Amino acid sequence: MTRGFFLWLSNRRSLKRLTRDVPPFWKLASRFVAGHTLDEAMDVVRSLNREGIRVTLDHLGENTTNPEEAVRAGEAYLEILRRIHQEGLDASISLKLTQMGLDLSDRIVRDIMDRIVSLAYELNNFVRIDMESSAYTQKTLDLFYWLHGKYNDHVGIVIQAYLYRSEQDIRDLIEIGANVRLCKGAYKEPPEIAFPKKRDVDENYIRLLDLLLSPEAIEKGTFTAIATHDEALIQYAKDLAAKRNISTDHFEFQMLYGIRNDLQRALVREGYGVRVYVPFGTEWYPYFMRRLAERPANVFFVLKNLFR
Ligand SMILES: Cc1cc2nc3c(=O)[nH]c(=O)nc-3n(C[C@H](O)[C@H](O)[C@H](O)COP(=O)(O)OP(=O)(O)OC[C@H]3O[C@@H](n4cnc5c(N)ncnc54)[C@H](O)[C@@H]3O)c2cc1C
């Protein structure tokens, strides 16, 4: 119920405008968002890198409504890639196709993505295409396959364990030795296409992880980003990797900025690769709402602070 309500709120454009410029809301969101500007985000990247933590940078924004906005969003990512390169940081980028014009035209999004992944290729960096709601799953995969055909392992994709289709998607991605981030899924989806119960999502996550870390997948060159803060799943992944003798070259753990910092650092100390997803920018509203939806305790924290 709380989850559904906050995911519904995440799509309310009027609230986005209302809250964006209100300092108390930004103060609360800043627990999960590294700042408004690239400079602020770069400070965070440097500090995480010093602790041995890799980063993926997300310049927040989604569902752009005109081509100029999409082109500007694309240029912002080109600038991020150049800055990472200039400063020699251990960071890549994550982006959403609806920010690059997926709602507008296939040609616009394809051109923008081609420029971004081409620069990542040139600079020996990497672009992760985030997965959005199921309305975009097939289009996102189609564009990923096209980019992968051109730029190979400089581009990666995300698969959501809550979708019934994900097992087949993973089997197909293993065939091309793709770089896959596995997450549970953060959007509101109907029971016809997604597991409604958390327990079933968790079980499917394990099934998909078993496939991604199978000897066949490793043989094909698959890389797995295990994106979760769920300690039981993280322990499962550690045990599986140890049992199958899989080296840390084939997987890393990924977590969101501001969530389970203790666990991030503990995994680094144990010798695992850890990458933190660092979002920044002024378009933080839907991202923040999804973080509230994930954990009721966050909502109480927000209410307590707003009324203080
Ligand atoms: C690096 C990364 C990239 C992601 N990319 C995508 C994507 O492209 N598409 C997509 O749909 N989803 C994405 N997600 C979100 C993901 O789908 C889940 O919604 C989110 O990670 C919460 O699920 P969980 O695996 O942490 O497990 P949960 O069972 O939800 O949480 C496990 C534990 O983690 C902690 N936790 C989880 N969420 C929060 C929170 N918001 N605030 C505080 N503590 C929390 C709590 O301790 C909780 O008990 C991404 C997640 C990560 C970590």
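Above this text you will find the structure in question.
Residues numbered from 1 in each chain as written. Predicted model: local features only at pLDDT ≥ 70, side-chain atom pairs only at ≥ 80, totals over all residues.

Participant: Whenever I open this one, the sheet that holds strand β3 (residues 127-129) confuses me. Can you help?
Facilitator: Whether parallel or antiparallel, the strands of a sheet pair through hydrogen bonds between backbone atoms. The strand order β1-β2-β3-β4-β5-β6-β7-β8 describes a closed barrel built from 8 strands, whose pairing is parallel. Averaged over neighbouring strand pairs, the angle between their axes works out to 30° when direction is ignored. Pairing of strand β1 (residues 54-59) with strand β2 (residues 91-95) involves 3 bridges; the strand directions are parallel. Considered in β2, the bridge of Leu57 is made with Ile93. Where helix α9 (residues 198-212) meets the sheet, its contacts fall on β4 (155-160), β5 (179-183) and β6 (223-227), and the angle it forms with β5 comes to roughly 165°. (Pairing = 2+ DSSP bridges. Helix = DSSP H or I, 4+ residues; strand = E, 2+ residues; numbered from the N terminus. Axes fitted to C-alpha atoms, helices over the stretch in contact; angles between N-to-C directions. Contact = placed C-beta atoms within 7 Å.)

Participant: Looking at this structure, I do not really get the packing of helix α8 (residues 166-175) against α9. What am I missing?
Facilitator: Each packed pair of helices is defined by two parameters, the angle between the axes and the distance between the axes. Running from amino to carboxyl end, α8 crosses α9 at an angle of 10°, the nearest separation of the two axes being 10 Å. By the angle between their directions, the pair α8 and α9 is classed as roughly parallel. Of the residues in α9, those in contact with Ser166, Glu167, Ile170, Arg171 and Ile174 of α8 are Arg207, Leu208, Leu211 and Leu212. For the contact of α8 with α9, the residue count by class is 5 nonpolar, 1 polar and 3 charged. (Parallel < 35°, antiparallel > 145°, perpendicular 65-115°, else oblique. Nonpolar A, V, L, I, M, F, W, Y, C, P; charged D, E, K, R; others polar.)

Participant: Just checking my understanding: could you explain the site of the ligand for this structure?
Facilitator: Near the ligand, the surroundings consist of 23 residues, among which Asp130, Cys183, Ala186, Thr228 and His229 are the closest. Elements that contribute at least two residues to the shell around the ligand include exactly β4, β7 (251-256) and α13 (285-294). Residue classes in the shell around the ligand are distributed as 10 nonpolar, 6 polar and 7 charged. (Near = placed C-beta within 6 Å.)

Participant: What should I look at first to understand helix α7 (residues 137-151) in this one?
Facilitator: An α-helical segment advances 3.6 residues per turn. Residues three or four places apart therefore align on the same side. When the terminal C-alpha atoms of α7 are compared, their 21 Å separation across 15 residues agrees well with the 21 Å that a helix rising 1.5 Å per residue should span. Inspection of α7 places Thr137, Thr140, Leu143, Phe144, Leu147 and His148 among the buried residues, and these make up the whole buried set. Buried residues of α7, seen end-on, are gathered within an arc of 140° and therefore sit on one face of the element. Residues of α7 that are exposed and point over 90 degrees away from its buried face: Gln138, Asp142, Gly149 and Lys150. Where α7 is buried, its residues meet α6 (106-122), β3 and β4. (Expected span 1.5 Å × (residues − 1). Buried ≥ 20, exposed ≤ 12 C-beta atoms within 10 Å, placed from the backbone. Arc of directions from axis to C-beta.)

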